[in-house]
Structure formats: C-alpha cells, structure tokens
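A look at the structure
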There are 2 protein chains.
Amino acid sequence: MQTSVICLGLLRSGPATGYVIKSVLEGPLNQIYNLSFGSIYPALSKLTKEKYVTVKQHAQDKKPDKKVYTITKRGISYFEETLLAESGKYVRSGNYGDQIKSEFAMLLLFSKSLPKQNIKLILDERILSAQQQLNLITYEGPIAKDSNLNALRNSVQGRFTRGLMAEVIKTAINYIETNRKKLHD
Amino acid sequence: MQTSVICLGLLRSGPATGYVIKSVLEGPLNQIYNLSFGSIYPALSKLTKEKYVTVKQHAQDKKPDKKVYTITKRGISYFEETLLAESGKYVRSGNYGDQIKSEFAMLLLFSKSLPKQNIKLILDERILSAQQQLNLITYEGPIAKDSNLNALRNSVQGRFTRGLMAEVIKTAINYIETNRKKLHD
DNA sequence: AAGATATATATCAAAATGATATAGGGGTAT
DNA sequence: ATACCCCTATATCATTTTGATATATATCTT
C-alpha cells in the first residue's frame, strides 16, 4: 500500500500532522504498520501538491511550525477509488500483501549459534516487549495530543483490527512461555 | 538484520543457490522473513568478495549457470560474532526488531470505505490465503530440489520458529471467523 | 496451442529505511 | 547543578530494498 494512501486513510478521520501520523502508527497501530519520517513527510508534501490535502501552518514558539494536514474532497474520492481498486492486492501475502520481516524469528531460527544463557535473556526480553506492545494496542484512554485519530482507534474497524493484533501477540507470548525450554535447557 | 547475515545463517545449514534461499524464505519460512532477488543476489556477490562464502558454477544446459554458494570458516566466525553482538537489537520491535507492514490490517482499518460485499470477499480470500500459508509452513515432506535446508527446517530451532508462526496464523484465522460479522452485516 | 508454473540469474528506477540535524522544554538521577 | 534522556516537530540523505522486467527453456494444465 502506498505511503500516500495510508496517510490519506488516516487523515480521513481528521486533520493531523506528520508527527501525529507517526505517533498513531507507533501507538494504537503498533504491530500493524510502521513508516519512517523519511517516507511520511515527502508523502504529505506530494499530496499537498496534488491537492489531495491542504496544509495550515501553526507557528510555535521556539519549535518548528506545526503543519496540520486536512484531506480535501478530491482526496477522499481518490482514497476511496484507490482502496477499492487495489483491495485485492492487499489480501494475499508474498510480494503483495503483508511484508514480513521478523528479525526476532530469524534470531530464534539461528539461535543454535547462541549461548543458552543469551537465549534465555532474549526470550525474557521479548515477552516483556510483547506485553508492552499489547499495552500500546489495547490502551483505551484519551490521547491528549490528538483528538481526531481517537475516532479511528475506537471505530468498529479500529477495534476489530487492534483486537486481531492483540490476540496474535497473546498467542505468541503464550507459545514462547510454554515451548521455550526446547531452545535452552 | 542485514540481508548478508541472513544469507550466511541459511548457508550455515549447507550450500545453496540464491534461488534456493528465496524458495526457503517463501516456503517453510513463509510469514517469517522475505527478501527479493534484488537484495539476495547482490548480498551473495558481496559475501563472495569478502571471502565469507565460496561459489561453484554448475553449467546447465540452456539455463543460466547454477551458482552454488558455500560458507567458509571465516564466514561462520563472522556470522556467529555478528549474531551474538547484535542479538539484543532483534528482540524489540520499532525501529529495530520486526518490521511490520500489514497491508491487510490497514485494509481492514479502512474498510468503512468499502462496500460490505467486498469486505466479505476479502475476508473469505484472506482465510483461504492464510490456510495456504499454514500448509507451506507446516509441510513436513521432502524438498526435492534441496537437501541442505531441510536440516534447518527440521531442527529444534526450525520447529520452534515455524510452530510459533503456525499458531499465530491459526489465531488470526479463528479471530476473523468469529468476529467478521462486526465488519459486514 | 496457449498459458501458467518452475528453474535460475541479473538489473534498475523508484521507494523506504535509519540515522542525523536542528531546537527547545521538561523530568530525574547522581 | 548538570548531565542525560525523552517529548515535540520537521527535514534531509546515503544506503538499502522493493517490485518489475529481461532472458531462456522445460513441464504441466486448460
């Protein structure tokens, strides 16, 4: 899915800055999709040029101007047409669909080359890390810095998607806890 | 994790071609990690220059020469040192750790913009696709074209990692089946 | 007979990452 | 106190990766 389409989809829930888009991706949408600033900011500039979004600069004392992006009608049409036209591509994994790069799984696969004590520590850390991710995804409290993307997080679709990821993480934690002895001991 | 380190890790189980490395990533290591030929072939060339692997060309009638890569002692040392030194990086997600890009999850998140009938079809297709992935991961039969990477697939580490991914996929299928009505109906 | 799938390597424009720069505020640990 | 880290906020860029395409043939399917 193109970065610009993802930005439009998120902006459909309300105006936001590039920084907020990144924050949502790292918070409630943790484990779903991640993008670097190096792709978010150019995408927002491109969308502005193409009139799919408008931008309003808010001067801030001693901080860079906050650039709040708002999706236009033209942007909404473009987003909905693109999503419908390309929805088939996003279902299957492989070249299209989910891009899977689990460095943790590769580490486990190669863990024969690691001292047992290190493996224990790695698994302990991973469980902790996964529990923290779970907290980020399932967090229901208010997001002070942003009132717009709350709506997306709490929508039926947001709840379904976050619930799916939460179940997946719980399964992984449980699997590691019950099977870890096979990798050390 | 650098592509070259992943190639070395896989070659540690036995000599292989770039094509076989890609096949393993798409077969038994499906949903764990994926790499394109455009990064595998340059990585193997680089590793050859650095003497971490050796290459033997097998002329094939009317096909490109098969280039079989074998890890060197130097390569094994480099791999084990790198893995140990960087293992901490691969535990946590975020900038380091797993790179998550689930286009399917984003599609679900944005599915308010899609006709209900399309959503039904997308979920049906996804379940089918996930079941096929499960078959690829859990396949236990012989891999005719390659006898080396069998060992990695069937090792304790291989079974653990593939088992983890299989459980995760089963959880996802089950979640979609029991909750899908929230997205259409 | 046409089309898809499999074997096998290679290249490359376009896209994305990961790091860094800039710049100040607030918290906190030694 | 002052060193250190995290938060807000945008921007840039070398390096890496993707996704597509080219090349060439055999085999299986429709």
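First, a word on scope: everything that follows refers to the structure included in this document. (Residues numbered from 1 in each chain as written. Chains lettered and ligands numbered in written order. Predicted model: local features only at pLDDT ≥ 70, side-chain atom pairs only at ≥ 80, totals over all residues. Heavy atoms only, no water.)

1. Some remarks on the overall build of chain A
Keep this limit in mind: Helix and strand definitions here come from DSSP, where helices need a minimum of 4 consecutive H or I residues and strands a minimum of 2 consecutive E residues; each element is numbered from the N-terminal end. A 1.4 Å probe rolled over the protein chains alone gives each residue an accessible area, and that area as a share of the maximum for its type sets the label: buried under 20%, exposed over 50%, partly exposed in between. Residues count as neighbours in contact if any of their non-hydrogen atoms are within 4.5 Å of one another. Per-residue accessibility takes into account occlusion by the displayed protein chains alone, with areas from the Shrake-Rupley method and a 1.4 Å probe.
A tally of regular secondary structure across chain A gives eight helices and three strands. Across chain A, helices and strands are ordered from the amino to the carboxyl terminus as α-α-α-β-β-α-β-α-α-α-α. Counting only C-alpha atoms, chain A reaches 60 × 45 × 30 Å along its principal axes. Split into buried and exposed, the 185 residues of chain A put 55% on the buried side. Here the analysis covers contacts within chain A between residues at least 6 apart in sequence; of these, 58% occur between residues at least 24 apart. For chain A, the exposed area adds up to about 8,900 Å²; of that, 54% sits on carbon and sulfur atoms.

2. A short note on unusual backbone geometry
Positive phi values are uncommon outside glycine, yet A:Lys51 reaches one of about 65°. According to the relative accessible area criterion, A:Lys51 is exposed, its value standing at 59%.

3. A word on the side chain of B:Ser155
Threshold: A 3.5 Å cut-off defines polar contacts: any pair of N or O atoms within that distance qualifies, except that in protein one atom must be a possible hydrogen donor and the other a possible acceptor, and neighbouring residues in sequence count only when both atoms are side-chain atoms.
For B:Ser155, the location among the structural elements is in the loop between α7 (149-154) and α8 (156-179). Polar side-chain contacts of B:Ser155 include one of 2.9 Å to the backbone nitrogen of B:Gly158.

4. Some thoughts on the interface of chain B and chain A
Inclusion rule: Two parts lose some accessible area (1.4 Å probe) when they are put together, and adding that loss for both gives the buried area. Between Lys or Arg on one side and Asp or Glu on the other, a salt bridge is scored when a side-chain nitrogen of the former is within 4 Å of a carboxyl oxygen of the latter. Two strands qualify as a pair provided that DSSP identifies no fewer than 2 bridges between them.
Taken together, the contacts link 70 residues of chain B with 70 residues of chain A. Between chain B and chain A lies a buried interface of about 6,900 Å² when both sides are counted; carbon and sulfur atoms form 65% of it. When the buried surface of chain B facing chain A is broken down by residue, B:Lys101, B:Glu103 and B:Phe160 rank first, second and third, together holding 12% of it. Across the chain B-chain A interface, the total number found is zero salt bridges. Across the chain B-chain A interface, the total number found is 21 residue pairs in polar contact (both at pLDDT 80 or more). Going through the elements one at a time, α1 (3-11), α4 (73-86), β3 (99-101), α5 (103-109), α6 (116-138) and α8 of chain B are the ones with two or more residues in the side of chain B that touches chain A. The biggest single contributor to the side of chain B that touches chain A is α8(B), with 16 residues. Bridge count between strand β3 (residues 99-101) of chain A and β3(B): three bridges; the pairing is antiparallel. Bridging from a neighbouring strand, A:Lys101 pairs with B:Gln99 of β3(B).

5. Focus on helix α2 (residues 18-26) of chain B
Burial analysis of α2(B) places seven of its nine residues in the buried class, which makes it a mostly covered element. Taken together, the buried positions of α2(B) are B:Gly18, B:Val20, B:Ile21, B:Lys22, B:Ser23, B:Val24 and B:Leu25.

6. Description of the packing of aromatic side chains
All names here are of chain A. To keep things clear, this is the line we draw: Working definition: rings of Phe, Tyr and Trp (its six-membered ring) pair if their centres are within 6.5 Å, and the pair is stacked with planes under 30 degrees apart, edge-to-face with planes over 60 apart, and tilted otherwise.
Under the counting rule described, the total for this entry stands at 10 aromatic pairs over all chains. An angle of 15° between the planes, with centres 5.3 Å apart, marks the rings of Phe37 and Tyr41 as stacked. Here the residue Phe37 and the residue Tyr41 both occupy positions in helix α3 (residues 37-49), the gap between them amounting to four residues, near one helical turn. For Phe37, a relative accessible area of 32% translates into the label partly exposed.

7. What about helix α3 (residues 37-49) of chain B?
Under the convention used in this document: Any helix carries an expected span of 1.5 Å times its number of residues minus one.
When the terminal C-alpha atoms of α3(B) are compared, their 18 Å separation across 13 residues agrees well with the 18 Å that a helix rising 1.5 Å per residue should span. Phi turns positive one or two residues past the end of α3(B), at B:Lys51, with a value near 65°.

8. A short note on the pattern of salt bridges
Residue and element names in this part refer to chain A. Within this structure, the stated rule accounts for 14 salt bridges over all chains. Notably, a salt bridge pairs Arg180 with Asp124, separated by 2.9 Å at the nearest N-O pair. Taken together, the residues span a long stretch of sequence, with Arg180 in the segment after α8 (156-179) and Asp124 in helix α6 (residues 116-138) at a distance of 56 residues. Three or more residues are tied together by salt bridges with common partners; here these are Glu140, Arg159 and Arg162.

9. A closer look at the side chain of A:Thr171
Along the chain, A:Thr171 turns up in helix α8. You can call A:Thr171 buried: its relative accessible area is 17%.

10. Some words on the relation of the copies chain B and chain A
How we decide: When the copies are superposed, the least-squares fit takes in the C-alpha atoms of residues with a pLDDT of at least 70 in both.
Expressed as a screw operation, the relation of chain B to chain A combines 0.0 Å of axial shift with a rotation of 180°, fitting to an RMSD of 0.0 Å. In the structure described here, the two chain copies are related by an operation that fits a two-fold rotation axis. Of every C-alpha in chain B, the one belonging to B:Val168 sits nearest the axis of rotation, 2.7 Å from it. Residue by residue, 100% of the interface of chain B is reproduced at the interface of chain A, so both copies engage with the same surface.

11. Brief notes about the packing of α6(B) against α8(B)
Residues and elements named next belong to chain B. Note the threshold: Throughout, an axis means a line fitted to C-alpha atoms (over the contacting stretch in the case of helices), and angles, computed between N-to-C directions, take values from 0 to 180 degrees. Here is the rule for angles: anything less than 35 degrees is roughly parallel, anything more than 145 is roughly antiparallel, 65 through 115 is roughly perpendicular, and the remaining ranges are oblique. The crossing is said to be left-handed when, going from far helix to near helix, the turn is anticlockwise and less than a right angle, and right-handed when the turn is clockwise.
One can describe the packing of α6 onto α8 by two numbers: an axis separation of 10 Å at closest approach and a directional angle of 160°. By the angle between their directions, the pair α6 and α8 is classed as roughly antiparallel. Where α6 crosses over α8, the two elements pack in a sense that is left-handed. Within the contact between the two elements, α6 uses Leu123, Arg126, Ile127, Ala130, Gln131, Gln133, Leu134, Ile137 and Thr138 and α8 uses Arg162, Met165, Ala166, Ile169, Lys170, Ile173, Ile176 and Glu177.

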